[in-house]
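Below, each chain spelled out in residue letters.
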Amino acid sequence: MGGVSLRPAVTMAQRKRQLVSDELTEAALQLMAREGFDAVTVDAIAAAAGVSKRTFFRYFASKEDVVVRFLADMGAGMHAELAARPAAEPPSTALRHAVWVAMAACADGAEHSGRALRVVQLILRTPALRARFLEHQAQWRDDLAVETARRRGLDPEVDLYPRLAAGAALVAFDTVLRRWSDSDGAEDPAALTDRAFALLAPALDAG
């Protein structure tokens with residue numbers, strides 16, 4: 001009986017931790033989007049989330065770490081989606097779905113005061129954050145290449161296709177994200193993603 005009663009307590013603790021992390025992330029991204037990355041302090045983020053500065057540092061190493069964690073989660077979602085796609089699916093379709101998971105993480109919720117759009121614009125227009133974004137994309141390319149190779153029975157260290165396919169998918173992602181950002185949300189990210197992969201499909205699905 002005692003063992004059974006322990007599980008909800010652990011679950012509640014995990015849920016509480018996730019809730020605080022989400023509150024801090026939301027507060028940080030909202031403030032940064034509104035005031036600019038450099039102008040926002042950790043004190044301001046903690047105050048907006050209703051926690052202490054000490055609590056902030058239990059979850060994040062710095063204000064940049066909030067954005068970096070957001071990007072890491074985006075990449076993990078992309079990789080997981082590609083791994084979960086049906087084995088017989090054409091590469092262009094599987095990669096489009098994987099990229100859309102990351103795109104949707106940015107684009108979904110844009111109707112809520114445009115927060116998601118402002119966060120994307122913040123990342124793309126702040127040199128330090130843009131640099132971290134590109135670092136993450138390099139890791140995403142490696143992960144997607146390994147998964148693409150696995151799906152097609154290729155060796156990512158020998159065959160050119162996996163890295164080329166992963167790179168092309170991420171160029172499409174970056175291009176769509178920039179177009180959406182530059183249009184201030186006027187362009188439809190889903191339609192842009194479909195158009196980008198329609199152009200890439202002949203090369204991705206060749207052979």
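First, a word on scope: everything that follows refers to the structure included in this document.

Cut-offs and rules
- Residues numbered from 1 in each chain as written.
- Predicted model: local features only at pLDDT ≥ 70, side-chain atom pairs only at ≥ 80, totals over all residues.
- Heavy atoms only, no water.
- Helix = DSSP H or I, 4+ residues; strand = E, 2+ residues; numbered from the N terminus.
- Buried < 20%, exposed > 50% of the residue type's maximum accessible area, 1.4 Å probe, protein only.
- Phe/Tyr/Trp six-rings, centres within 6.5 Å; stacked < 30°, edge-to-face > 60°.
- Lys NZ or Arg CZ within 6 Å of the ring centre and 35° of its normal.
- Axes fitted to C-alpha atoms, helices over the stretch in contact; angles between N-to-C directions.
- Parallel < 35°, antiparallel > 145°, perpendicular 65-115°, else oblique.
- Left-handed = near helix turned anticlockwise from the far one by under 90°.
- Contact = heavy atoms within 4.5 Å.
- Nonpolar A, V, L, I, M, F, W, Y, C, P; charged D, E, K, R; others polar.
- Salt bridge = Lys/Arg side-chain N within 4 Å of Asp/Glu carboxyl O.
- Expected span 1.5 Å × (residues − 1).
- Arc of directions from axis to C-beta.

Our next topic: the overall build of the protein. Within the protein, the regular secondary structure consists of nine helices and zero strands. In sequence order, the protein lays out its α and β elements as α-α-α-α-α-α-α-α-α. Structurally, the protein occupies a C-alpha span of about 55 × 55 × 30 Å along its principal axes. Scored against the burial criterion, the 207 residues of the protein give a buried share of 42%.

In total, this model carries five aromatic pairs according to the counting rule given. Between F56 and F60, the aromatic rings sit 5.7 Å apart at their centres with planes inclined by 40°, giving tilted as the arrangement. Looking at F56, the relative accessible area reads 0%, which means it is buried. These aromatic residues form a ring-pair network of at least three members: F56, F57 and F60. Its guanidinium or amino end placed over the ring of Y59, R17 lies 4.6 Å from that ring's centre, counting from NZ or CZ. Taking the ring centre of Y161 as reference, the NZ or CZ of R152 above it sits at 4.4 Å.

All right, on to the packing of helix α4 (residues 63-84) against helix α7 (residues 127-152) then. Axis separation between α4 and α7 bottoms out at 10 Å; the angle between their running directions is 15°. Here α4 lies roughly parallel to α7, going by the angle between them. The handedness of the crossing between α4 and α7 is right-handed. From α4, E64, V67, V68, L71, A72, M74, G75, M78, H79, L82 and A83 reach across to α7, where they touch A128, L129, R132, F133, H136, W140, D143, L144, E147, T148, R150 and R151. Grouping the amino acids of the contact of α4 with α7 by side-chain chemistry returns 13 nonpolar, four polar and six charged.

Let us now look at the packing of helix α8 (residues 161-182) against helix α9 (residues 189-204). Close contact between α8 and α9 brings their axes to 9 Å; oriented N to C, the two are set at 155°. Classified by the angle their axes make, α8 and α9 are roughly antiparallel. As for how α8 packs across α9, the hand of that crossing is right-handed. Side by side, α8 and α9 meet where Y161, A165, A168, A169, A172, V176, R179 and W180 of the first sit next to P189, L192, T193, R195, A196, F197, L200, A203 and L204 of the second. Partitioning the contact of α8 with α9 into residue classes produces 14 nonpolar, one polar and two charged.

Summed over all chains, the structure comprises 13 salt bridges. Between E35 and R34 there is a salt bridge, with the nearest N and O atoms lying 3.7 Å from each other. E35 gets classed as partly exposed once you look at its relative accessible area, which sits at 43%. By relative accessible area, R34 is classed as exposed at 55%.

Before going further, it helps to spend a moment on α4. Taking 1.5 Å per residue as the helical rise, α4 with its 22 residues ought to reach 32 Å, and the 33 Å between its terminal C-alpha atoms agrees with that figure. Every buried residue of α4 is listed here: K63, D65, V66, V67, V68, F70, L71, M74, G75, M78 and L82.

Of note, D194 is situated in helix α9. Classification of D194 by relative accessible area gives partly exposed; the value is 41%.

The backbone of D184 sits at a positive phi, close to 55°, despite the residue not being glycine. Note on placement: D184 falls in the loop between α8 and α9.

Those residues of helix α2 (residues 42-49) not exposed but buried are V42, I45, A46 and A49. Burial along α2 is one-sided: seen end-on, the buried residues are contained in an arc of 95°. Opposite the packed face of α2, turned more than 90 degrees from it, sit the exposed residues A47 and A48. Remark: G50 follows α2 within two positions and exhibits a positive phi of approximately 75°.

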